[in-house]
Amino acid sequence: MELSNEIVLRPRFKFNVSQSNESLLSLFETTSKNQSDFIVTRVDDHVFIKIPKAKQHFWSPQLHLEINEDYDNKQLSTIYGLFGPNPTVWTMFMFLHFAVAGFFIGFGIWAYVNWSLGNDFAIQLFTTLLMVVVWFALYFSGRLGKKAGMEQMHQLHHFMRDTLRSKDIHAIE
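Residues numbered from 1 in each chain as written. Predicted model: local features only at pLDDT ≥ 70, side-chain atom pairs only at ≥ 80, totals over all residues. Heavy atoms only, no water.

Asker: Go over helix H2 (residues 87-117) with me, naming the residues and quoting the values.
Answerer: If you check H2, its first and last C-alpha atoms are 45 Å apart, about what 31 residues at 1.5 Å a residue would give, namely 45 Å. Those residues of H2 not exposed but buried are Val89, Phe93, Val100, Ala101, Phe107, Ala111 and Asn114. Those residues of H2 hidden inside the fold are in contact with strand S5 (77-85) and helix H3 (122-148). In this structure Asn86 caps H2, since a side-chain oxygen of it lies 2.8 Å from the backbone nitrogen of Thr88. (Helix = DSSP H or I, 4+ residues; strand = E, 2+ residues; numbered from the N terminus. Expected span 1.5 Å × (residues − 1). Buried < 20%, exposed > 50% of the residue type's maximum accessible area, 1.4 Å probe, protein only. Contact = heavy atoms within 4.5 Å. Polar contact = N/O pair within 3.5 Å; in protein donor to acceptor, adjacent residues only side chain to side chain.)

Here is the structure:
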């Protein structure tokens, strides 16, 4: 049994297409007006594709596309894609990770100082080890959240792919 060495909570992809970035960006803007299954927002060279509020749950993903033009050939573009949770959820998740790291370091230092002074350090050591358990719990909850949003990730990807194919745009190597 081979174990995967990948720890990916926010999957990414990249491919090149033989269209100008402005035509691709306007394609997504046009498509967003002709459908109501997804919320499509454009900011400069970035396109955000989200699930509508009525269909969202806590772990609903969004797809962030960055469409850059090739500087040598203006008729080529590179699309960078990033799946991730709602930015508010991601910020909360990162805050919790940093808080756990801070408590781990703080209680670890406190335990070491009490041990050095010959004082009782059981509570500090227990809290330090508890932070390791909380870290693992955060990691596995993130993995479960990714799994809960997997179907919607596929829907977002299919929408992006179908939008590009509607203008007969295919990835090039």
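From this point, things continue past the structure.
Asker: Mind laying out the packing of H2 against H3, listing which residues take part and the relevant values?
Answerer: In contact at an axis separation of 8 Å, H2 and H3 are set at 160° when each is read in the N-to-C sense. Compared by their axis directions, H2 and H3 come out roughly antiparallel. Crossing of H2 over H3 shows left-handed handedness. Taken together, the residues of H3 that come into contact with H2 (itself represented by Phe93, Leu96, His97, Val100, Ala101, Phe103, Phe104, Phe107, Gly108, Trp110, Ala111 and Asn114) are Gln124, Leu125, Thr127, Thr128, Met131, Val132, Val134, Trp135, Leu138, Ser141 and Gly142. Looking at the contact of H2 with H3 residue by residue, the class counts come to 15 nonpolar, eight polar and no charged. (Axes fitted to C-alpha atoms, helices over the stretch in contact; angles between N-to-C directions. Parallel < 35°, antiparallel > 145°, perpendicular 65-115°, else oblique. Left-handed = near helix turned anticlockwise from the far one by under 90°. Nonpolar A, V, L, I, M, F, W, Y, C, P; charged D, E, K, R; others polar.)

Asker: Give me the lowdown on the confidence of the model for the protein chain, citing residues and values where you can.
Answerer: Caution applies to low-pLDDT parts of the model: their predicted coordinates are not meant to be read in detail. Chain-level pLDDT for the protein chain is 87 on average; 91% of the residues reach the 70-or-more range. Within the protein chain, H2 carries the highest mean pLDDT (94), whereas strand S6 (residues 171-172) carries the lowest (64). (pLDDT = per-residue confidence, 0-100.)

Asker: Give me the lowdown on unusual backbone geometry, citing residues and values where you can.
Answerer: For Asp44, which is not glycine, the phi dihedral falls at a positive 55°. For Asp44, the location among the structural elements is in the loop between strand S2 (39-43) and strand S3 (46-50).

Asker: Can you lay out the packing of helix H1 (residues 21-33) against helix H4 (residues 150-165) for me, pointing to particular residues and giving the numbers?
Answerer: The packing of two helices is summarised by the inter-axis angle and the distance between the axes. The contact between H1 and H4 brings their axes to 10 Å, and the two run at 110°. Classed by the angle they form, the pair H1 and H4 counts as roughly perpendicular. Crossing geometry of H1 relative to H4 is assigned as right-handed. Together, Leu24, Leu27, Phe28 and Thr31 of H1 and Phe159, Met160, Thr163 and Leu164 of H4 make up the contact between the two elements. For the contact of H1 with H4, a count of residues per class yields six nonpolar, two polar and no charged.

Asker: Talk me through the pattern of salt bridges; I want residue IDs and the actual numbers.
Answerer: In this structure the tally under the stated criterion is three salt bridges. A salt bridge links Arg42 to Glu29; the nearest nitrogen and oxygen atoms lie 3.5 Å apart. Of this pair, Arg42 sits in strand S2 while Glu29 sits in helix H1, and the two are 13 residues apart along the sequence. The exposure class assigned to Glu29 is partly exposed, which follows from its relative accessible area of 32%. Asp162 is paired through a salt bridge with Arg161; the nearest N and O atoms lie 3.4 Å apart. The exposure class assigned to Asp162 is partly exposed, which follows from its relative accessible area of 43%. Overall, Arg161 belongs to the partly exposed group, its relative accessible area being 25%. Members of the salt-bridge network, linked through shared partners, are Glu22, Glu29 and Arg42. (Salt bridge = Lys/Arg side-chain N within 4 Å of Asp/Glu carboxyl O.)

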